[in-house]
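A structural walkthrough
As a plain string of letters, each chain reads:
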Amino acid sequence: MTTSDPTGLHRVLDEPVSGSLPLPQAARRLDTRKTLWPDEVRIRVERLNLDAASFRQLESAHDGDGEAVRREVLDIVAERGKMQNPVTGSGGMLVGVVEEVGPESPLGLKVGDRVATLVSLTLTPLVIEDGLVGWGGDSEQVPCDGYAILFGRSIAAVLPDDLAPELALSVMDVCGAPALTRRVVSERYAGGVVAVIGGGGKSGSLSLAAARDAGAGHLIGIVPTEAEAERLRDAGLADEVVIADARNPVALRDAVAKAAPFASGSASAGGPADVTVVCVDVPGCEGGAILATADRGTVIFFSMATSFSAAALGAEGLAADVTMLVGNGYVPGHAAYALDLLRAHAGVRALFEGRLAP
């Protein structure tokens, strides 16, 4: 392809199928040439933030051997021209400095801007030039020197001056979750019960804060361990904090029911939660989320570990009249909103900073 396409089709190296190319996210390989098409932007990469589900899978596959994790990430990027875990299909995002801007770029960026990309690494052409020598393969955040390419329809946000880059990156990595939670709660469930599975994590803590901001009447945070429960209680983001294995549908349903107020009108049908937000990076949580949600309620799946076929077939098999939403990571204004939540809620900030502490 000699002309650029705002979706990045001109960077796809796969052979056409039935006369058409896959979009960059679905493509096997991307062109990482440094020279820009007119509507592109090149970023000098400072740090990658691997998707939580992807990092967990890599760490598990290599039994916690950080050097092996590091080598696999390098191999994936070298082979595919992007960071896309072949098992989970997910990637992450990055922070860097704008190095060059094509004359027709619509993104409004200028050379020298420090930005976080708000599109997945699974569709971002990426070259790693330092061999990841500064990373031990033991964390989601990856110091990195290299470059990445943004397309005409990519999204990036200039990093705020009042937050450390690694903190801002950690927030922006999950900024779609709180924005979508706020929209769903404010439009349909003000005053209702909201349960967040994985409430002590990044997307989960922000979703709890967003649900409160949107007018939720009762917030339930679900975590897997007492240590996480204690941290979430200290953060003050939930009215009730319960410990449950989200992969055990009946145990999760019962834990949420016990934590819900008797005044909840939704408890008469299905589960007690009007909205259930799934923010955990392990598979097998679909059935419990559905059971925990009231008829005519909504389940928001915001985890790349979710099996959407299991969710759909599970809801059918349970005769559950619930709306199920796939959080796609983009809601207009999502980055600014998530950063504002971090600034406004000391508990959210404490949880984020605790995760970043060495």
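Look above for the structure.
These numbers come from a predicted model, not from an experiment. Residue positions are given per chain, counting from 1 as you read along its sequence in written order. Whole-chain, interface and lining totals are the exception, using all residues; otherwise, since this is a predicted model, local features are given only for residues with pLDDT of at least 70 and side-chain atom pairs are given and counted only at 80 or more. Hydrogens and waters are ignored; side-chain quantities use all the structure's heavy atoms.

Moving on: the overall build of the protein chain. When helices and strands are counted, the protein chain shows eleven helices and twelve strands. Values of the radius of gyration come from C-alpha atoms, whereas the globule rule sets the reference at 2.2 Å times the count of residues to the power 0.38. A globule of 358 residues ought to have a C-alpha radius of gyration of about 21 Å, and the protein chain, at 21 Å, matches this closely. The buried label goes to any residue with under 20% of its type's maximum accessible area, the exposed label to any with over 50%, and the partly exposed label to all in between, with areas taken from a 1.4 Å probe on protein chains only. Expressed as a percentage of the 358 residues in the protein chain, the buried residues total 53%. Note on contacts: a residue pair qualifies if any of its non-hydrogen atoms lie within 4.5 Å across the two residues. Contacts in the protein chain between residues far apart in sequence, at least 24 positions, make up 70% of those at least 6 positions apart. Working convention for charge: Lys and Arg count positive, Asp and Glu count negative, and His plus the chain ends are omitted. Here the site of a charge means NZ on Lys, CZ on Arg, CG on Asp, or CD on Glu. The distance from the centre of the 30 positive side-chain charges to the centre of the 46 negative ones in the protein chain is 2 Å. Only DSSP runs of H or I with at least four residues qualify as helices, and only runs of E with at least two residues qualify as strands; both kinds are numbered from the N terminus onward.

At least two bridges found by DSSP between two strands is the condition for calling them paired. Strand order in this open sheet of six strands is E4-E5-E1-E2-E3-E6, and the pairing throughout is antiparallel. Of all strands in the sheet, those bounded by a partner on one side alone are strand E4 (126-128) and strand E6 (156-158). Within the sheet, the average angular offset between the axes of one strand and its neighbour, ignoring direction, is 35 degrees. In this sheet, strand E5 (residues 141-150) lies alongside strand E1 (residues 41-50) in antiparallel orientation, the contact comprising eight bridges. Paired with Arg 42 across the bridge in E5 is Ile 149. Axis definition: a line fit to C-alpha positions, over the contact stretch in the case of helices; interaxial angles, taken between N-to-C directions, run 0 to 180 degrees.

For the rest of this paragraph, the subject is the pattern of salt bridges. Salt bridges are counted wherever a side-chain nitrogen of Lys or Arg sits within 4 Å of a carboxyl oxygen of Asp or Glu. The final tally for this structure, using the stated rule, is 24 salt bridges. Residue Arg 42 is joined to Glu 99 by a salt bridge in which the shortest nitrogen-to-oxygen separation is 2.7 Å. You can see Arg 42 sitting in strand E1 and its partner Glu 99 sitting in strand E2 (residues 92-101), a full 57 residues away along the chain. The buried category is assigned to Arg 42, whose relative accessible area is 9%. For Arg 44, the salt bridge is made with Glu 129, and the minimal N-O distance between the two is 2.6 Å. Highlighted residues: Arg 44 in strand E1 and Glu 129 in the loop between E4 and E5, separated in sequence by 85 residues. The class of Arg 44 is buried, set by a relative accessible area of 19%.

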